[in-house]
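# Fold and contact review
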Amino acid sequence: MAAAEEHYILDLPTFEAPVKLLIVVAPYYKDIADELVAGAKSTIEAAGGTWDLVEVPGALEVPTAISIADKMSNFDGYVALGCVIRGETTHYETVCNDSSRALQLMGLQGICIGNGILTVENRDQAVVRAESKGQNKGGGAAAAALHLIALSRKWAAPSKGVGFHSEAIKLAGQATGPKNA
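Below is a summary of the structure that appears in this document. Remember, predicted model here, so these are calculated numbers, not experimental data. (Residues numbered from 1 in each chain as written. Predicted model: local features only at pLDDT ≥ 70, side-chain atom pairs only at ≥ 80, totals over all residues. Heavy atoms only, no water.)

### Topic: the side chain of N136
Filter applied, for reference: Here a helix means four or more residues in a row that DSSP labels H or I, a strand means two or more in a row labelled E, and each is numbered from the N terminus. What qualifies as a polar contact is a pair of N or O atoms within 3.5 Å, subject to a donor-acceptor requirement within protein and to the restriction that residues adjacent in sequence count only when both atoms come from side chains. Here, residues are in contact when the closest pair of their heavy atoms is within 4.5 Å.
Assignment of secondary structure puts N136 in the loop between α4 (123-130) and α5 (137-155). Engagement of the side chain of N136 in a polar contact is seen with the backbone nitrogen of G139, the distance being 3.0 Å. Apart from residues no more than four positions distant in its own chain, N136 is found in contact with G39, T43, R129, A130 and E131.

### A closer look at the sheet that holds strand β2 (residues 50-55)
Heads up, the rule is: Should DSSP find at least two bridges between two strands, the strands are regarded as paired. Axis definition: a line fitted to C-alpha atoms, limited for helices to the stretch in contact. Angles are taken between N-to-C directions and run from 0 to 180 degrees.
Strand order in the open sheet formed by four strands is β2-β1-β3-β4, and the pairing between neighbours is parallel. In this open sheet, the two strands that pair with only one neighbour each are β2 and β4 (113-120). For this sheet, the mean angle separating the axes of adjacent strands, direction not counted, is 15°. Two elements, strand β1 (residues 20-25) and β2, share six bridges in a ladder whose sense is parallel. When the sheet's bridge partners are listed, L21 is paired in β2 with W51. Each of β3 (77-85) and β4 touches helix α3 (residues 91-108); the most contacted strand, β4, lies at about 170° to it. Against the sheet, α5 engages β1, β3 and β4, with an angle of about 155° to β4.

### Digging into the nonpolar core
Side chains of a nonpolar character, in soluble globular proteins, are inclined to be buried together. To be explicit about the condition: Nonpolar core, defined: a set of buried Ala, Val, Leu, Ile, Met, Phe, Trp, Tyr and Cys residues in which side-chain atoms within 4.5 Å join the residues together. We call a residue buried when its accessible area falls under 20% of the maximum for its residue type, exposed when it is over 50%, and partly exposed in between, using a 1.4 Å probe and counting protein chains only.
Core analysis: the largest hydrophobic core is formed by 26 residues, its most contacted members being L21, I23, I32, V79, L81, C83 and L118. Put simply, the parts of the chain that give this core at least two residues each are β1, α1 (30-46), β3, β4, α4 and α5. It is α1 that contributes the most residues to this core, six residues altogether. In contact with I23, not counting residues within four places along its chain, are V37, A40, K41, I44, W51, D52, L53, V54, V79 and L81.

### Some remarks on the packing of α1 against α4
Selection rule: Angle categories: roughly parallel below 35 degrees, roughly antiparallel above 145, roughly perpendicular from 65 to 115, and oblique for all the rest. Here is the rule for handedness: rotate from the far helix to the near one, and if that takes an anticlockwise turn smaller than a right angle the crossing is left-handed, while a clockwise turn gives right-handed.
Direction vectors running N to C along α1 and α4 enclose 20°, while the axes themselves pass 9 Å from each other. Judged on the interaxial angle alone, α4 and α1 are roughly parallel. Between α1 and α4 the crossing geometry is left-handed. Between α1 and α4, the residues in contact are D31, I32, E35 and L36 and R123, A126, V127 and A130, respectively.

### Focus on the packing of aromatic side chains
What characterises a pair of aromatic rings is the spacing of the ring centres plus the angle enclosed by the ring planes. Operational definition: A pair of Phe, Tyr and Trp rings is counted when the ring centres sit within 6.5 Å of each other, with Trp represented by its six-membered ring. The angle between the planes then sorts it: under 30 degrees is stacked, over 60 is edge-to-face, the rest tilted.
Taken as a whole, this structure holds two aromatic pairs when the rule is applied. When the ring of Y28 is compared with that of Y29, the centres are 5.0 Å apart and the planes differ by 85°; the resulting orientation is edge-to-face. For Y28, a relative accessible area of 63% puts it in the exposed group. You can call Y29 partly exposed: its relative accessible area is 22%.

If you want it as C-alpha cells, here you go:
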C-alpha cells in the first residue's frame, strides 16, 4: 500500500475588514453534508469571518441560490457544498457537470466561490472526503472562497463614489484663493 500523498495547503488569509460568507448546502446525504458544513464553518471562523447557512434541495440548485444571493445580498463570498454519488443512470454526469459549470461561470464573473460539492463513485469515498477531521473538503472550499475574497480586496479599485470629491464645495461667486490687490 502506498503512503498517503502530501499536499501543500496555503495559510488562511487575514482580513483588515470583516468578511462574511454564505454557505449553500444541498443536504441530500445529510450526514455527509453536515460534515462538510462543520469543516466550512470552522475554517471561516479560523479566518475571523462570519457565515450564514442556507439549504437547497440538490446540487443543481446550489449555483442558483448563490446567484440569487449575490444579486440580492451583501456577502463577500460563497461556499458551495453537497455530494453527488454515482448511480445507475446518466443523471450523475448531468448534476456533476452542470453544477460545476455554473459555479465556474459565476467565478469567472468575479464572484468568490469555493466549490465543495463532492462528486464520488460511492458513499465511502464521500465520507472520507467530507470528514472535518479527515480530508475536510468543506473546509477546503471555505478556504478557497476566503483566498478569492482576499485577492478581490487586494485588487479592488478604489470606490469612485458619487457626487463631489473635493473637501470644500465652492459656490458660484465665492473666491477660491487669496485676493489679488
